[in-house]
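What the coordinates show
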There are 2 protein chains.
Amino acid sequence: MNQVRVYRQQLGLSQTALAQQINVARQTINLIEHDKYNPSLALCLALAWALGTDLNTLFWQAPPA
Amino acid sequence: MNQVRVYRQQLGLSQTALAQQINVARQTINLIEHDKYNPSLALCLALAWALGTDLNTLFWQAPPA
DNA sequence: CCTTTTTGTCATATATATTTGACAATTTTA
DNA sequence: TAAAATTGTCAAATATATATGACAAAAAGG
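Residues numbered from 1 in each chain as written. Chains lettered and ligands numbered in written order. Predicted model: local features only at pLDDT ≥ 70, side-chain atom pairs only at ≥ 80, totals over all residues. Heavy atoms only, no water.

An unreviewed UniProt entry lists chain A under the name HTH cro/C1-type domain-containing protein, from Loigolactobacillus bifermentans DSM 20003.

In structure tokens form, the structure reads like this:
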């Protein structure tokens, strides 16, 4: 469960607005927020920059036991 | 410039050993170390786990100005 | 030195991330 | 309560991450 939606909403951005800001399709944002797939590092960085945060905050998860 | 090579060598692992540990091809490790492409988030996490570190430490970069 | 291991790299194949367009469902706002 | 905006989702097309096999160059170890 990543934190993209939380940070996006704190900035009052729609999925569309965020997508345009970082030049990806809206569906890409939607799928990422639902953990439906596996974004690239470049996209993770773009999201962190746009949302004023960092990789760990948005995407970190503890290793499987 | 990511920190994968630095952390891998600190653990005394070859590219092959690291690749086997996280079930990817050795070439994938090599290319990532040379910033030749854009790994997936799942792979970034697997690398962080295997190298005992985190996403920011391995992959963070400041936003373009 | 010679041998073994490690690394750099190429070319081809496959899996999957991402795009595009579209429409229904839900939520927000007037 | 109706209109507008936002979100969920589908199917098809395209771009690209990743795998596989292979070989030469370089580095490490005996």
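Picking up where we left off.
**Side note on the protein's contact with DNA strand D**
This is how it is decided: Residues are classed as near a molecule or strand on a simple rule: at least one heavy atom within 4 Å of it. Under this definition, polar contacts are N or O atom pairs within 3.5 Å; protein pairs additionally need one hydrogen-donor-capable and one acceptor-capable atom, and for neighbouring residues in sequence, both atoms have to be side-chain atoms. Strands here are runs of E lasting at least two residues and helices are runs of H or I lasting at least four, both read from the DSSP assignment and numbered beginning at the N terminus. We call Asp, Glu, Lys and Arg charged. Ala, Val, Leu, Ile, Met, Phe, Trp, Tyr, Cys and Pro are nonpolar, and the rest, Gly among them, are polar.
What surrounds DNA strand D is a group of 19 residues, the closest being Arg5, Gln15 and Arg26 of chain A together with Gln27 and Thr28 of chain B. In DNA strand D, atoms within 4 Å of the protein come 53% from sugar and phosphate. Within the side chain of Arg26 of chain A, one N or O atom sits 2.7 Å away from a base oxygen of DNA strand D. Within the side chain of Asn30 of chain A, one N or O atom sits 3.0 Å away from a phosphate oxygen of DNA strand D. For the surface near DNA strand D, the secondary structure elements donating two or more residues are α1 (4-10) and α3 (26-33) of chain A together with α3 (26-33) of chain B. Across the surface near DNA strand D, the residue classes tally to 5 nonpolar, 10 polar and 4 charged.

**Side note on the pattern of salt bridges**
Rule in force here: We count a salt bridge whenever a side-chain nitrogen from Lys or Arg sits within 4 Å of a carboxyl oxygen from Asp or Glu. Only protein chains enter the accessibility calculation, which uses a 1.4 Å probe. A residue is then buried if its area is under 20% of the maximum for its type, exposed if over 50%, and partly exposed in between.
Scanning the entire structure with this criterion turns up 4 salt bridges over all chains. A salt bridge links Arg8 of chain B to Glu33 of chain B, with the nearest nitrogen and oxygen atoms 2.6 Å apart. Of the two residues, Arg8 of chain B sits in helix α1 (residues 4-10) while Glu33 of chain B sits in helix α3, which places them 25 residues apart along the sequence. When its relative accessible area of 6% is taken as the criterion, Arg8 of chain B is described as buried. A relative accessible area of 7% means that Glu33 of chain B is categorised as buried. Each of Arg5, Arg8 and Glu33 of chain A takes part in salt bridges that share partners, so that together they form one network.

**Topic: the protein's contact with DNA strand C**
Of all residues adjacent to DNA strand C, which total 19 residues, the nearest are Gln27 and Thr28 of chain A together with Arg5, Gln15 and Arg26 of chain B. The side chain of Arg8 of chain B places a nitrogen or oxygen atom 3.0 Å from a phosphate oxygen of DNA strand C. Between DNA strand C and Asn30 of chain B, the relevant distance is 3.0 Å, taken from a phosphate oxygen to a side-chain nitrogen or oxygen of the residue. Broken down by secondary-structure element, the contributors of at least two residues to the surface near DNA strand C are α3 of chain A together with α1 and α3 of chain B. For the surface near DNA strand C, the class distribution of residues is 5 nonpolar, 10 polar and 4 charged.

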